[in-house]
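Next come the chains, spelled out residue by residue.
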Amino acid sequence: MVVVGARMPPPPPRTPASHALSVAVLCWQFGQVVIGPPGSGKTTYCVGMCQYLQALGRKVAVINLDPANDNYTYPVAADIKDLILLDAAAAQCELGPNGALVYCYEFLEANTDWLLEKLAQLSDCYVLLDMPGQVELYTHHASVRNILQTLTLRHNHRLVAVHLVDAHHCADAAKFISVLLVTLSTMVQLEMPQVNLLSKIDLVEAYGELAYNLDFYTDVTDPSRLLPYLQQEDSAFARRHAKLNEAICELIDDFSLVQFGTLDISSRESVGRALKAIDKANGYVGSGGEGPQPGVHSIEGECDDDRVGSVQERYMAETDLGELLGPHAPAARRRTPP
Ligand SMILES: Nc1nc2c(ncn2[C@@H]2O[C@H](COP(=O)(O)OP(=O)(O)OP(=O)(O)O)[C@@H](O)[C@H]2O)c(=O)[nH]1
Ligand SMILES: [Mg+2]
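Just so it is clear, the structure is predicted and the values come from calculations on it, not from any experiment.

A. Fine view of the sheet that holds strand β5 (residues 157-166). As summarised here, the arrangement of the 7 strands in space is β3-β2-β4-β1-β5-β6-β7, forming an open sheet in which the pairing is parallel. Each end of this open sheet is capped by a strand with a single partner; those strands are β3 (76-79) and β7 (261-262). Here β5 pairs with strand β6 (residues 194-199) via 6 bridges, running parallel. Bridge pairing links Asp166 to Ser199 in β6. The sheet strands contacting helix α8 (residues 173-190) are β5 and β6, and the helix crosses β5 at an angle near 170°.

Next up, the structure:
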């Protein structure tokens, strides 16, 4: 039997980081990993979501994990640029911007302890991770997945991936099919809870009218209904890839994983709706966090039809909600395939 006595050597002194780490082990740290293609609104989302969470009374910290991010307006709690500089990586390794970013993430993976230490220092905060826009980091390359799995599986971080894609891609059938494929690849590759959001929903019809009602794009029940719109293009490219597009739509349908919420970062109601889905996905709901606060974070009793219908009504030019009422609805449909 080991008796703790005077002859026992004193325990090693605790550094603040290791102390914070042991505190973190006792309780979950919740947060969001904000991913998506370039320009999809990740940094703006971090600013807006940070303000919203603070209004709810949550202590929030935003961590910049995009080495190319120069003009963030949130107070940054930790910055990957303190670990590695994109320009230096590009110059020293003679890499282009994409290669240098991949190198930065391989470097971060090799130094995951740096990130763990920063998170440990913020153990009483809800964290938002502002990520880069290179989609190959989420669809193919292993570093982001390995880093996130270290945080979620080996440490007590309850993270959800928030995947933003520009809503205006809905107006182009080919682009929307590729958005579906990127989203599915990300979900399969990252293997963690993921909430997909059509960002900038206020601009959904800015580049053209949508072929179907909004619920078609959010619920993704039968993407093959987009195929007639591709054939309509009558280009050699569309003809050559007709079978490929058909196969991609079938694949998306078979997995039945991809769905989207909507986001207008300037709308408190829209951010609240997104947060509700995110809180469910990372288990914040039921973890003893704050209860619903009227007017701020309670969009209770709202069914999906109300959710999509009100967004469509607000942001799309004409409103025909016939499709929301089901296939037997008497209302004439404006949006029908060619
Ligand atoms: N209308 C509208 N514009 C938005 C919204 N969210 C972001 N934007 C704009 O979209 C542009 C790109 O936003 P960023 O936040 O820089 O996008 P990002 O994904 O961080 O970009 P990268 O880091 O370069 O990949 C900015 O001009 C934002 O003001 C939104 O909900 N509505
Ligand atoms: Mg950004």
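B. Inspection of the site of ligand 1 at higher detail. Taken together, 17 residues surround ligand 1, and among them Gly41, Lys42, Thr43, Thr44 and Gly133 come closest. It is helix α2 (residues 42-55) that contributes the most residues to the shell around ligand 1, 3 residues altogether. Within the shell around ligand 1, the residues separate by chemical class into 3 nonpolar, 9 polar and 5 charged.

C. View of helix α5 (residues 112-121). Within the sequence span of α5, burial applies to Leu115, Leu119 and Ala120. For α5, the angular spread of the buried residues around the axis is 140°, confining them to a single face.

D. Structural view of the packing of helix α4 (residues 97-110) against helix α7 (residues 143-154). Relative to each other, α4 and α7 sit at 25°, their axes nearing to 9 Å. The pairing of α4 with α7 is recorded here as roughly parallel in orientation. Crossing angle aside, the handedness with which α4 passes α7 is left-handed. Along the contact surface, α4 presents Tyr105, Glu106, Leu108 and Glu109, while α7 presents Ser143, Val144, Asn146 and Ile147. Here the residues of the contact of α4 with α7 are counted per class, giving 4 nonpolar, 2 polar and 2 charged.

Calculation notes
Residues numbered from 1 in each chain as written. Chains lettered and ligands numbered in written order. Predicted model: local features only at pLDDT ≥ 70, side-chain atom pairs only at ≥ 80, totals over all residues. Pairing = 2+ DSSP bridges. Helix = DSSP H or I, 4+ residues; strand = E, 2+ residues; numbered from the N terminus. Contact = placed C-beta atoms within 7 Å. Axes fitted to C-alpha atoms, helices over the stretch in contact; angles between N-to-C directions. Near = placed C-beta within 6 Å. Nonpolar A, V, L, I, M, F, W, Y, C, P; charged D, E, K, R; others polar. Buried ≥ 20, exposed ≤ 12 C-beta atoms within 10 Å, placed from the backbone. Arc of directions from axis to C-beta. Parallel < 35°, antiparallel > 145°, perpendicular 65-115°, else oblique. Left-handed = near helix turned anticlockwise from the far one by under 90°.

Read these as spatial facts, not as claims about activity.
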